[in-house]
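Fold and contact review
Here's the letter readout for the chains.
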Number of protein chains: 2
Amino acid sequence: MKKIEDCTFGFVGLGLMGGAFAIALRKETIVGTKGRILAYDVDGGVLRQAEESGIIDKGFDNPSLMLQECDVVFICLNPGAEMHFMEKHINDFPPGTLITDISGVKQKPVEQIEALLRDDLDFIPGHPMAGREKGGFSEAARCSFRGKNYILTPLKRNRSENLVFMKELIRRIGFTRITETTPLDHDKKIAFTSQLCHVIAAALIDCEADPEITRFGGGSFEDLTRIAMLNAPMWTELFLDNHKELIECISRFESSLEKLKEMIDQGEKDKLVETLSLVRQRRAAMTDQNDLGDTQVTGIVAKS
Amino acid sequence: MKKIEDCTFGFVGLGLMGGAFAIALRKETIVGTKGRILAYDVDGGVLRQAEESGIIDKGFDNPSLMLQECDVVFICLNPGAEMHFMEKHINDFPPGTLITDISGVKQKPVEQIEALLRDDLDFIPGHPMAGREKGGFSEAARCSFRGKNYILTPLKRNRSENLVFMKELIRRIGFTRITETTPLDHDKKIAFTSQLCHVIAAALIDCEADPEITRFGGGSFEDLTRIAMLNAPMWTELFLDNHKELIECISRFESSLEKLKEMIDQGEKDKLVETLSLVRQRRAAMTDQNDLGDTQVTGIVAKS
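Predicted, not measured: the structure shown is a model, and the values here were computed from it.

**Topic: the overall build of chain A**
Scanning chain A for helices and strands turns up 11 helices and 10 strands. Over its C-alpha atoms chain A spans a radius of gyration of 21 Å, differing by no more than 12% from the 19 Å that the globule rule assigns to 304 residues. Going through the 304 residues of chain A one by one, you find that 51% of them count as buried. Considering only contacts in chain A between residues 6 or more positions apart, those separated by 24 or more positions represent 76%.

Following this line, the structure appears as structure tokens:
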């Protein structure tokens, strides 16, 4: 693999995340005099805007032509669209291309893409834990990677030099903690930290019709429901692609909620104080994790 | 009533909120050359610290002596301690004193305090919608009132000039939106925006033991569980004092959650997209409410 500075990066999809990656590569002057940033998107207006502002070197309305020039390709599409793209364009990648993605679920797309991956290509599945409530390229500049988490679910077949390259790239654009794990472990954890939280936020808004309710807000309600401003088709896709793990998380959460409800209903003061004290301690221990800045491998690396 | 600048303010309890009010009064130079800030607290160290830093003019270990000098008294205690204090000290207030409180539940304390209130005193129940996860006087300087909500549940017997005085005071220390309503309406709304959110945060932490889970966090989980760092005895008291309204809110939320769970489990894509789109619209309309900056009366003013 070339040095990062000398690579030609190609983005398939220049929306919020694709745009944010391209901006970060340009801003951190990671791409040198030999390196280039290319992009394909269905929205020609976005490509022209990105070209004019100097974020990308060239936009393509034909992805096959772009792929031929790339060393590294970021697939920045929703999971379903990603699968469709890979099936259609698997033979357009030049030999040796390093491909990565940003899909919020991993088991399904990784299994499908591995099944059709050519021997002379490398694919390192990834999930940058960054985003915004508002989507699209126009929001990309406001999407910061500083201090954020990045999950990789490497394949056994990944070339070790490519994995080193990916991790260096991820750090250089601002991410702090890189965790390597299996697609299954990723999907279980993400069902909890991300999807369950979005379902909860949606349920909170679903059960309250009064638009004046924020007059009674002190910050908690606002914090818990900010993510209810969700991209409905994308989150539907994520929820359904990971429905087994997500349903399991919702059930677990429902049991804990029911336990607390019962204590409140029965006026069990001592039990409540004890439970809430344990919750406080547990959350405090979690906060401390944010101080870590190292790469750590959890779970078992995926079988290929 | 005197002008705000000329009043002697007394704080019963100089913890997070009492301290934050005293600091705001001093900082905004609301208290003039004639006005003073006094405080009573069980912690003598806190009183000395507040005196030395010039936040209060004088600390008292005997609340009766302090009350005798006050024009306006802020009761900044948990609901149970507030009730206990008012029962014990109702005859220590000089005639004409304006009393207010900050209790997070209103029906129970307002009913109890009204029952023992002397005819020559005025009591305007209040709830400043501000706070921090960490409590105590040492955190008070970090508790900002800028742009926050304030709820008042006035009594029919309140003197209109005192209500005008309270609202001017609240605005001058930074609060933006003042809402006047009944104790019942307050408790119903607060059960939803505040207590339910705290129960949800606690349940989320209760059902996840892995301290490494924040490696998989992208902001949602962190936002939803920040308030799980709660003061267990205080929140237990608030939950139990308002258990009827809170249980009703938990049940409502559980129904919405169950509805979404069912759609995910059954793979009902179209219904999910539709529901999540409505949620997004509804939340967007709520956010807009934050732009308001006026006083508004909702519900019916409490009977006295």
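On we go from here.
**A closer look at the packing of helix H10 (residues 243-265) of chain A against helix H10 (residues 243-265) of chain B**
Axis separation between H10 of chain A and H10 of chain B bottoms out at 11 Å; the angle between their running directions is 165 degrees. By the angle class used here, H10 of chain A and H10 of chain B are roughly antiparallel. Relative to H10 of chain B, the crossing made by H10 of chain A is left-handed. Contact residues: H10 of chain A offers His-243, Leu-246, Ile-247, Ile-250, Glu-254, Leu-257, Lys-261, Ile-264 and Asp-265 of chain A, while H10 of chain B offers His-243, Leu-246, Ile-247, Ile-250, Glu-254, Leu-257, Lys-261, Ile-264 and Asp-265 of chain B. A per-class count over the contact of H10 of chain A with H10 of chain B returns 10 nonpolar, 2 polar and 6 charged.

**Digging into the pairing of strand E5 (residues 98-101) of chain B**
All names here are of chain B. Neither face of E5 is open: one carries Leu-98 and Thr-100, the other Ile-99 and Asp-101, and all of them are buried. Sheet topology places strand E4 (residues 72-75) next to E5; 4 bridges connect them, and they run parallel. When the sheet's bridge partners are listed, Ile-75 is paired in E5 with Asp-101. In this fold, E4 hands off to helix H4 (residues 79-89), which returns the chain to E5; that crossover is right-handed. Pairing of E5 with strand E6 (residues 122-124) involves 3 bridges; the strand directions are parallel. Along E6, the bridge assignment pairs Thr-100 with Ile-124. Since E5 and E6 lie parallel, the crossover through helix H5 (residues 107-116) that links them has a hand, and here it is right-handed.

**Quick word on the interface of chain A and chain B**
Interfaces are often described in size by the accessible area the parts lose on coming together. Contacts between chain A and chain B engage 78 residues on the former and 78 residues on the latter. Looking at the side of chain A that touches chain B, the elements that each hand over two or more residues are strand E8 (149-152), strand E9 (177-180), helix H7 (183-206), helix H8 (220-225), helix H9 (232-241), H10 and helix H11 (269-288) of chain A.

**Observations regarding the domain arrangement of chain A**
All names here are of chain A. On domain assignment, one finds that chain A holds domain 1 (4-181) and domain 2 (187-289). Taking only C-alpha atoms, the centre of domain 1 and the centre of domain 2 are 31 Å apart. Each side of the interface is counted separately: domain 1 has 10 residues, and domain 2 has 12 residues. If you list the elements that add at least two residues to the side of domain 1 that touches domain 2, you get helix H4 (79-89) and helix H5 (107-116). When grouped by side-chain class, the residues that make up the side of domain 1 that touches domain 2 number 2 nonpolar, 5 polar and 3 charged.

**Some details on the sheet that holds strand E3 (residues 58-60) of chain B**
Residue and element names in this part refer to chain B. Spatially, the 6 strands line up as an open sheet ordered E3-E2-E1-E4-E5-E6, and their pairing is parallel. Unpaired on one side and paired on the other, E3 and E6 mark the two borders of the sheet. Averaged over neighbouring strand pairs, the angle between their axes works out to 20 degrees when direction is ignored. Bridge count between strand E2 (residues 36-40) and E3: 3 bridges; the pairing is parallel. Considered in E3, the bridge of Tyr-40 is made with Phe-60. Those strands touched by helix H1 (residues 16-27) are strand E1 (8-12), E2 and E4, and its axis lies near 170 degrees from that of E2.

**Structural notes on the nonpolar core**
Ala-22 and Leu-196 of chain A together with Ala-22 and Leu-196 of chain B are the most contacted members of the largest nonpolar core, which has 180 residues in total. The residues contacting Leu-196 of chain A, other than those within four sequence positions of it, are Ala-191, Leu-246, Cys-249, Ile-250 and Phe-253 of chain A.

**A short note on the environment of Gly-44 of chain A**
Residues and elements named next belong to chain A. Along the chain, Gly-44 falls in helix H2 (residues 44-52). The exposure class assigned to Gly-44 is exposed, which follows from the 10 C-beta atoms found within 10 Å. For the pair Gly-44 and Phe-60, spaced 16 residues apart in the sequence, the C-alpha separation amounts to 8.3 Å.

**Describing the confidence of the model for chain A**
Residue and element names in this part refer to chain A. Here chain A averages 92 in pLDDT, while 93% of its residues score no lower than 70. Scored below 50 in pLDDT, residues 288-304 shows 36 contacts in the model against residues more than four places distant or in partner chains. Complex prediction metrics read pTM 0.89 and ipTM 0.89.

**Here's the deal with the relation of the copies chain A and chain B**
The operation relating chain A to chain B is a screw motion whose rotation component is 180 degrees, with 0.0 Å of axial translation and a residual RMSD of 0.0 Å. Here the copies are linked by what is in effect a two-fold axis. Residues of chain A ranked by C-alpha distance from the rotation axis are headed by Leu-224 of chain A, positioned 2.5 Å from it. Looking at the interface residues of chain A, 100% of them are also at the interface in chain B, so both copies use one shared face.

**Quick word on the sheet that holds strand E1 (residues 8-12) of chain A**
Residue and element names in this part refer to chain A. Strand order in this open sheet of 6 strands is E3-E2-E1-E4-E5-E6, and the pairing throughout is parallel. A strand with exactly one partner marks an edge of an open sheet, and here the two such strands are strand E3 (58-60) and strand E6 (122-124). Adjacent strand axes in the sheet meet at a mean angle of 20 degrees, parallel and antiparallel pairs treated alike. Across the sheet, helix H1 (residues 16-27) touches E1, strand E2 (36-40) and strand E4 (72-75), and the angle it forms with E2 is around 170 degrees. Set on the sheet, H2 makes contact with E2 and E3; between it and E3 the angle comes to about 170 degrees.

**Details of the pairing of E1 of chain A**
All names here are of chain A. For E1, the tally of buried residues reaches 4 of 5 residues, placing the bulk of the element in the interior. Looking at chain direction, E1 and E2 are connected through 5 bridges and run parallel. Following the sheet pairing, Phe-11 is matched in E2 by Ala-39. Note: E1 against E4, 4 bridges, orientation parallel. When the sheet's bridge partners are listed, Val-12 is paired in E4 with Ile-75.

**Comments concerning the environment of Arg-157 of chain B**
For Arg-157 of chain B, the position within the fold is in the loop between strand E8 (149-152) and helix H6 (160-172). C-alpha separation for the pair Arg-157 of chain B and Glu-208 of chain B, spaced 51 residues apart in sequence, amounts to 50 Å.

**A look at H4 of chain A**
Residue and element names in this part refer to chain A. Taken together, the buried positions of H4 are Pro-79, Glu-82 and Met-86. Angular distribution of buried residues about the axis of H4 spans 55 degrees; they occupy a single face of the element. H4 presents His-84, Glu-87 and Lys-88 as exposed residues on the side facing more than 90 degrees away from its buried surface. On its buried face, H4 sits against E4, strand E5 (98-101), H5 and H9.

So, how was this worked out
- Once a new chain begins, its residue numbering starts again from 1 and follows that chain's sequence as written.
- All chains are assigned letters beginning with A, and all ligands numbers beginning with 1, in the order in which they are written.
- Note on the predicted model: pLDDT of at least 70 is required for a residue's local features to be given, and 80 or more for side-chain atom pairs to be given and counted; whole-chain, interface and lining totals, by contrast, use all residues.
- By definition, any uninterrupted DSSP run of H or I lasting at least four residues is a helix, any uninterrupted run of E lasting at least two residues is a strand, and each is numbered from the N terminus.
- Each radius of gyration reported is based on C-alpha atoms, and the globular scaling rule is 2.2 Å times the count of residues to the power 0.38.
- Three exposure classes are used. Buried residues have 20 or more other C-beta atoms within 10 Å of their own C-beta, exposed residues have 12 or fewer, and partly exposed residues fall in between, all C-beta atoms being placed from the backbone.
- Contacts are defined on C-beta atoms placed from the backbone: any two residues whose C-beta positions lie within 7 Å are in contact.
- Only C-alpha atoms enter the line fits that serve as axes; for helices the fit covers just the stretch in contact. Angles between N-to-C directions range over 0 to 180 degrees.
- For this classification, under 35 degrees means roughly parallel, over 145 means roughly antiparallel, 65 to 115 means roughly perpendicular, and everything else is oblique.
- Two helices crossing with the near one rotated counterclockwise from the far one by less than a right angle form a left-handed crossing, whereas a clockwise rotation gives a right-handed crossing.
- The nonpolar class holds Ala, Val, Leu, Ile, Met, Phe, Trp, Tyr, Cys and Pro. Asp, Glu, Lys and Arg form the charged class, and all remaining residues, Gly among them, are polar.
- Only strands that DSSP links by at least two bridges are regarded as paired with each other.
- We call a crossover right-handed when, viewed with both strands directed away from the observer, the connection leading from the first strand over the helix to the second proceeds clockwise.
- These domain boundaries are the output of an automatic or database domain assignment.
- To form a nonpolar core, buried Ala, Val, Leu, Ile, Met, Phe, Trp, Tyr and Cys residues must be joined through C-beta atoms within 7 Å.
- Values of pLDDT, ranging from 0 to 100, describe the predictor's confidence in every residue of the model.
- Our superposition of the copies is a least-squares fit, built on the C-alpha atoms of residues whose pLDDT is at least 70 in both.
- By definition, the arc is the one covered by directions from the helix axis to the C-beta atoms.

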